[in-house]
Each structure stands twice: as C-alpha cells, then as structure tokens.
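# A closer look at the structure
The chain contents come next:
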Amino acid sequence: MPATRLHETIKQLIDSTPGLTQRGLAERLGLNPAAVHRMLYGQRSIKADEIPVIEAYVGAKLDLQGARAKTAPRGFSEGPVPDAFTQVPVYGYAAGSEDIGKKDGGLNLANGEVIDYVSPPPGASANGIFGLYVFSDSMEPRYYRGELIYVHRSRPVRANRDCVIRMKNGDAHIKQLVRMGEDKIRVRQLNPPLEKDIPLADVEAVYPVIFRG
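First, a word on scope: everything that follows refers to the structure included in this document.

Thresholds applied
- Residues numbered from 1 in each chain as written.
- Predicted model: local features only at pLDDT ≥ 70, side-chain atom pairs only at ≥ 80, totals over all residues.
- Heavy atoms only, no water.
- Helix = DSSP H or I, 4+ residues; strand = E, 2+ residues; numbered from the N terminus.
- Contact = heavy atoms within 4.5 Å.
- Salt bridge = Lys/Arg side-chain N within 4 Å of Asp/Glu carboxyl O.
- Core = buried A, V, L, I, M, F, W, Y, C linked by side-chain atoms within 4.5 Å.
- Buried < 20%, exposed > 50% of the residue type's maximum accessible area, 1.4 Å probe, protein only.
- Arc of directions from axis to C-beta.
- Pairing = 2+ DSSP bridges.

On a plain count of helices and strands, the protein comes out with 4 helices and 11 strands. The contacts in the protein between residues at least 6 apart in sequence include a share of 60% that link residues at least 24 apart.

As structure tokens, this is what we get:
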C-alpha cells in the first residue's frame, strides 16, 4: 500500500474535523486561500516552518517519517522538491561547552523537534542521517558557530574522529573522541584545548559526524 502524502493527510484532517476549513488554515498561515488549495492538492510544496503552524491548526502531530511529504526547507522556493525520504531533518543544536552536562542555551534533542530540512551530503542518501547546527565555538577552527553538521545514527564512532554526544537529558555536544572505555568516554575539544572524561551512565548515544554543510 503506497504511503500517504503529507498534503493528503492534512486535507483529510481538515475535511473530517468540524470547524476546520481551508480558508481557516490559510488565515493561520498568512497565505492566500488559493495557495493553501494548491498545497492540499500537491501543487505547492509545504515549507518546514509551516508544519508547526499546520499541526497547531489541525490539533494533531503530523507523521513526517510515515507520510511521504513534499516539504521545502526554510527559505527555499515553492518549486518542486524531493519527497521527505530524500530530505535530512535538522533537530536542533550541538553545543560543545567545556562543562559537559551544563546546558548552555542549545536546543534540547529530547523533544525530537524538527527545526529544518536540508539536502543530504553529496553522494549520500538521507537514510540514517540527521543534521545539527553548531551552537558554540569550542571546536573552532574545525567547526564554527552556526555551521551545519551531518550526523549518522548507526555508523560506529572511531577514535580521533569527531562525534556528537547525546546526553540522557537530551543535550547534545560536539567533540572529538579520544577513546571509549567500559564506564566512561574521553573526549577532546579544540578551543581552548581540553580533554575530559564523560561517564557512560550519563550518555544516551554517540554519533559520528560524517559531513559538514
């Protein structure tokens, strides 16, 4: 059975829920009703920053993984774009402070909020990849604040390679792996030069950085 397209899911929710209309969605999005009509019939792509507004209007969380979604990354044109399966979700920010475990203003990964969609690295599919924006300057000059990095969910992390450490509280930190022991991992940052140990009991996952955008 083919996957439902995202615009079809939204149209079904509007058609089956009393009080919801295409005009009402247009007013909520600040769009011309004709633009919303085209969107609901697959003739206009859905921008990433429109999804939270649509979810609030229909009162439901949209399944961006299960539905085949035509979504346009924030700031892109409304022209044809690939399906969601060829887009990489960006979930938040990788911090990188000296004090691992201290929240320093980056978005928390625990809520799973997708803040953007981007194209995958050259020559790669989107399968298993997600993106993060670097939030601090602790890994300069390798990574600068605001830079996009690509991370793989299931590839192994190797010593002396860059990685994102997801803490159990949802915070994410970008570091360089020195070694991984039985009860702790040792990591390195570049600015200022520093090595420190992180208890594995506090770590949810360690992902390799595979590309920078």
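From this point, the discussion proceeds with the structure in view.
With that out of the way, let us pick up the pattern of salt bridges. Within this structure, the stated rule accounts for 8 salt bridges. Salt-bridge contacts for Arg 212 lead to Glu 147; the nearest nitrogen and oxygen are separated by 2.6 Å. Placement of the pair is Arg 212 in strand S11 (residues 203–212) and Glu 147 in the loop between strand S5 (129–134) and strand S6 (148–152), with a sequence separation of 65 residues.

Right, let's get into the nonpolar core. Core analysis: the biggest nonpolar cluster contains 18 residues, and Ile 10, Ile 14, Leu 25, Val 36, Met 39, Ile 46 and Ile 54 have the highest contact counts within it. If you list the elements that add at least two residues to this core, you get helix H1 (6–16), helix H2 (22–29), helix H3 (33–40) and helix H4 (51–58). Tallying contributions element by element places H4 first for this core, with 4 residues. Not counting chain neighbours up to four residues away, the residues in contact with Leu 25 comprise Ile 10, Ile 14, Val 36, Met 39, Ile 54 and Tyr 57. Counting residues in each nonpolar core, the second largest holds 14 residues, with Tyr 91, Tyr 143, Ile 174 and Val 209 among its members.

Next up on the list: H4. Residues of H4 that are buried: Ile 51, Ile 54, Glu 55, Tyr 57 and Val 58. One side of H4 carries all its buried residues, which in axial view fall inside an arc of 165°. Where H4 ends, the next residue or the one after it, Gly 59, has phi of about 70°, a positive value.

The next point concerns the pairing of S5. Most of S5 sits inside the fold, with 6 of its 6 residues counted as buried. Here S5 shows two buried faces, one formed by Ile 129, Gly 131 and Tyr 133 and the other by Phe 130, Leu 132 and Val 134. Two elements, S5 and S6, share 5 bridges in a ladder whose sense is antiparallel. Looking across to S6, one finds that Leu 132 is bridged to Ile 149.

The omega torsion of the bond from Glu 140 to Pro 141 falls at 10°, within 30 degrees of zero and hence cis. Position of Pro 141 among the secondary structure elements: in the loop between S5 and S6. Here the residue pair Asn 191 and Pro 192 is connected by a cis peptide bond, since its omega of -5° sits within 30 degrees of zero. One can find Pro 192 in the loop between strand S9 (184–190) and strand S10 (193–199). A positive phi angle, close to 65°, is found at Asn 160, a residue other than glycine.

What follows deals with H1. Turning to H1, its buried residues are Leu 6, His 7, Ile 10, Lys 11 and Ile 14. Down the axis of H1, the buried set is contained in an arc of 135°. They therefore lie on one face. In H1, the exposed residues that point more than 90 degrees away from the buried face are Asp 15 and Ser 16.

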